[in-house]
Structure formats: structure tokens, C-alpha cells
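The primary structure of each chain is shown beneath.
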Amino acid sequence: MSVGRRLLFSIAAWLILVPTAQASAPAVVVSVAPVHSLVAAVMEGVATPRLLLRGAQSPHRHALRPSEVSALHGARLVVWVGPGLESFLPRVLATLGPEVRVLELAQVEGLRRLASRRGGLWISPEEGHAEADDDHGAVDMHLWLDAGNAERWVAAFAADLAAIDPDNAAVYEANREGTTPRLRARDADLRARLAPVRDEPYVVFHDAYGYFETRYGLSPLGSVSVGD
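Let me sum up the structure you'll find in this document. (Residues numbered from 1 in each chain as written. Predicted model: local features only at pLDDT ≥ 70, side-chain atom pairs only at ≥ 80, totals over all residues. Heavy atoms only, no water.)

**Notes on the environment of glycine 119**
Turning to its location among the elements, glycine 119 is positioned in the loop between strand E4 (101-104) and helix H5 (134-137). With 103 residues separating them in the primary sequence, glycine 119 and glycine 222 have C-alpha atoms 9.5 Å apart. (Helix = DSSP H or I, 4+ residues; strand = E, 2+ residues; numbered from the N terminus.)

Printed below as a string of C-alpha cells:
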């Protein structure tokens, strides 16, 4: 076989295989960037999830564009934290068909859940943080800032992705197994680096770091702004 014919054969084989792999990958939409990074780690080698909120867009006041609504309806899996954070999502999620799996991370079992801090030097949460439902309004929704919560979420991602895409279940599980020790190593590194300043008092701009402060035993005094 000539070099030219071998090259054409190789290109044809590649064109046959690659689109098949891409077509089989599930469309996944994730609400906020910290969660997106975790989902992307579990999906590595299969596909890249779509991120809804980019840059400085607020999860409390975001207005969905038609393209974003279309992406949600076309997804196989939608991952969000919960109505106490992404207050713009519940209405559109209620319109999704049964073929769209929705993972509400605040409801994952085994999470550390902290109450929202109020009174004293802590500015009461803005309305976007505190829904009327006590289950969400009373809970600090910045759950990803506890490494233990992040680890449980990674396991939930792998399980849900395997359910909608069993052909790639082994990849998701392998990625979960690879991501978990990286989270634990970062957790240990942060604990060691922050230990010398655990007793140093400080004020934050917006009360969004309760899980981080609790996990590493830090000493915040309060916050100065309701908004984020």
C-alpha cells in the first residue's frame, strides 16, 4: 500500500471513530464555576460540561438568555446547588422533561451544612440568599468551600453520569478515584498553610466563606456588605 493510500485510510478511520465518541457524550450543564470545575474533572476524557454563569454574573440575579434555556432543555444532566443560591433556576427547571436528570447538590447525603450567620457583625443575608423555605434560607449555600462536601459531590457526579451514560461509567469512576486524592491533598495543604494564622482576626467583604473558615478553624469577625 502506498504512503498516500495509508494516510487516507488512517484519516478515514479517525473520522469514523471520533464523531462516534463525541455523539455518545452526554450534554451536561452546570450552574456555577466552582461546581463546574469538579464536574469537568469527573468528565475528563469524555466531554466538557457547559457552564451557565461566567465571570462576575450573580447566581441571585441572573437572567437566562434564550440560548441558555435551550441548553438546559437539551441537557441530559443539569447540576446546580439549590434555590438558596441559584434563585433564577427553579422556574425553568420545573419545565424540563423527564429525560433531563437534575442533580441538586444541597440535597446530597452526608454534607456538612452550616447555618447562615446573622446578627452582631454579620450582615443579614440578602433576599437572594434566603428563600422563604427554611430548608434553604437557614443554610449557608456556599457548600463547595468544605473539601469534604466537594468529595461527596464528586462521588455523586460519577454516579449520576454513569446512570445516564453507562458506556463511559468506567471513565467516570476512574476520574472520581483520581480526583478524590487531589482534593484531600489540597485540603491537607490548606490546613498546614493556614495553621499559623488561625487566631488572626479579620473582616470579609461578603459572608461567603463560612465553610472554609470552619474547616480550617479561622477567626473571622464579620462582614461589611450584604451583596456579593
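**Concerning the nonpolar core**
By size, the foremost hydrophobic cluster in this structure holds 48 residues, and its most contacted members are Val35, Val79, Trp153, Phe157 and Leu161. For this core, the secondary structure elements donating two or more residues are strand E1 (28-30), helix H2 (33-43), helix H3 (66-73), strand E3 (77-80), helix H4 (90-93), helix H6 (147-164) and helix H7 (169-194). Among the elements that make up this core, the one with the highest residue count is H6 (eight residues). Not counting residues up to four positions away in its chain, the partners in contact with phenylalanine 157 are Val35, Leu38, Val39, Val42, Val79, Leu103 and Leu105. (Core = buried A, V, L, I, M, F, W, Y, C linked by side-chain atoms within 4.5 Å. Buried < 20%, exposed > 50% of the residue type's maximum accessible area, 1.4 Å probe, protein only. Contact = heavy atoms within 4.5 Å.)

**A few points about the sheet that holds strand E2 (residues 50-51)**
Taking strand neighbours across the sheet as the criterion, the four strands line up as E2-E1-E3-E4 in an open arrangement whose pairing is parallel. Single-partner strands in this sheet number two, and they are E2 and E4. When E1 meets E3, the two strands line up parallel, connected through three bridges. In the strand pairing of E3, valine 29 is matched with valine 78. Lying over the sheet, H6 contacts E1, E3 and E4, oriented at roughly 175 degrees with respect to E4. (Pairing = 2+ DSSP bridges. Axes fitted to C-alpha atoms, helices over the stretch in contact; angles between N-to-C directions.)

**A short note on the packing of H2 against H7**
In the contact formed by H2 and H7, the axes pass within 7 Å of each other and the chain directions differ by 130 degrees. Viewed along their axes, H2 and H7 adopt a mutual orientation that is oblique. For the pair H2 and H7, contact is made by Leu38, Ala41, Val42 and Met43 and by Val171, Tyr172, Asn175, Thr179, Arg182 and Leu183, respectively. By residue class, the composition of the contact of H2 with H7 is seven nonpolar, two polar and one charged. (Parallel < 35°, antiparallel > 145°, perpendicular 65-115°, else oblique. Nonpolar A, V, L, I, M, F, W, Y, C, P; charged D, E, K, R; others polar.)

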